Amino acid sequence: MSDNFKKLPKERLRDVQALAWRVLINNEITSLPVDLHKICRKEGIILLGYPSQAKVIEEMGFGDSMREDVGFCVNRIIFYSENQSEPEIRATIAHELGHVFMHTDCKVSDSYPCPTETVRAMAEEEASLFADRLLCPTAILNFIGVNSAEEIAKLCNVDMETAKRRYVRLCRARAFDKKRRSENKRSTFLLSGMEKMLYENMKDFVEANKLNES
C-alpha cells in the first residue's frame, strides 16, 4: 500500500492519525518499539495466535478466516498467524487494532470516538493508516534523528515495507517543515496538542536514543 491514502478525505486522515496518538497516550506508551501487548492488556483486547490456538479458534467457528487470512478480529479479539516474522506479526496486530477501534460493531469506549461514519470500502486503508501511525509516530522519529528506512525498521521493530512508507512520510514532513521555517512560520512538528502530549511521554526515550541531528 502507498503512503498517499488518496481515497481517504483529509479530515479522515487527521482523525485516524489523532486516534493513533490517543491510543499511545492513553496506554502510557513511552518508548519504541510500541508495546502492542501492553495496549491490548490495558484495553481488554484478547490476542489469539494460530496455529498454536488453532483448536480454540476452530471451536469458536472462525476456522475459515484462520486458514485464509494472516489476521482478523471479532469485536475485542484479535486473531493472527504466527507463521510470520515478528515485525510482520506486529504490523498485523496493529492493523487489527485499527479495526477494533474503528470498525467493529462493539462499543469501544468514549475515549475513542469515531468522528466520521466508517465507510466499509475504506476500512482496510484506514486500518493500515492507523497501524503505520501507531507503530512509527513521525514526530518521535524526527526528533530522534532517523535518516533511513533501515533505522525505522530497527527502532520500531517493523517490516521494511512499513519502514519505507514511514520514511517517505517523514521526508515529506521534514521538507514541508523546512519550507515553513524559511517563511518564518511555526514548525509543523508538535503543532497538535495531542502530538505534544505524545512527545512529552516519549521525551526521555527520544533524548536517550538520538541517532543524528534532525
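Residues numbered from 1 in each chain as written. Predicted model: local features only at pLDDT ≥ 70, side-chain atom pairs only at ≥ 80, totals over all residues. Heavy atoms only, no water.

Q: For the packing of aromatic side chains, give the residues involved together with the corresponding values.
A: Counted according to the given criterion, the structure contains 7 aromatic pairs. Consider the rings of phenylalanine 143 and phenylalanine 189, whose centres lie 6.0 Å apart with planes at 65 degrees: the pair is edge-to-face. Remark: phenylalanine 189 occurs in the loop between α9 (160-182) and α10 (193-208) and phenylalanine 143 occurs in helix α7 (residues 138-144); sequence separation between them is 46 residues. By relative accessible area, which is 8% here, phenylalanine 189 ends up buried. Taken together, Tyr50, Phe62, Phe72 and Phe79 form an aromatic cluster joined through their ring pairs. (Phe/Tyr/Trp six-rings, centres within 6.5 Å; stacked < 30°, edge-to-face > 60°. Helix = DSSP H or I, 4+ residues; strand = E, 2+ residues; numbered from the N terminus. Buried < 20%, exposed > 50% of the residue type's maximum accessible area, 1.4 Å probe, protein only.)

Q: Could you give an account of α10, naming the residues involved and the relevant values?
A: Taking 1.5 Å as the rise per residue, α10 with 16 residues should run 22 Å; its terminal C-alpha atoms sit 23 Å apart, in good agreement. Approximately 60 degrees is the largest bend angle found in α10, and it occurs at methionine 202. Every buried residue belonging to α10 is among Glu195, Leu198, Tyr199, Met202, Phe205 and Val206, and all of these are buried. Check the buried side of α10 and you find it contacts α1 (10-26), α7 and α8 (149-156). (Expected span 1.5 Å × (residues − 1). Bend = angle between axes of the 7 residues up to and from the residue. Contact = heavy atoms within 4.5 Å.)

Q: Residue-level account of helix α2 (residues 36-43), with values.
A: Residues Leu36, Ile39, Cys40 and Glu43 constitute the buried set of α2. Projection of α2 onto a plane perpendicular to its axis shows the buried side chains occupying an angular sector of 95 degrees, all on one side. On its buried side, α2 packs onto α1, β1 (46-50), α5 (86-102) and α6 (123-135). For α2, the N-terminal cap is aspartate 35; the gap from its side-chain oxygen to the backbone nitrogen of histidine 37 is 3.2 Å. Looking one or two residues past α2, glycine 44 carries a phi angle of roughly 70 degrees, positive in sign. (Arc of directions from axis to C-beta. Polar contact = N/O pair within 3.5 Å; in protein donor to acceptor, adjacent residues only side chain to side chain.)

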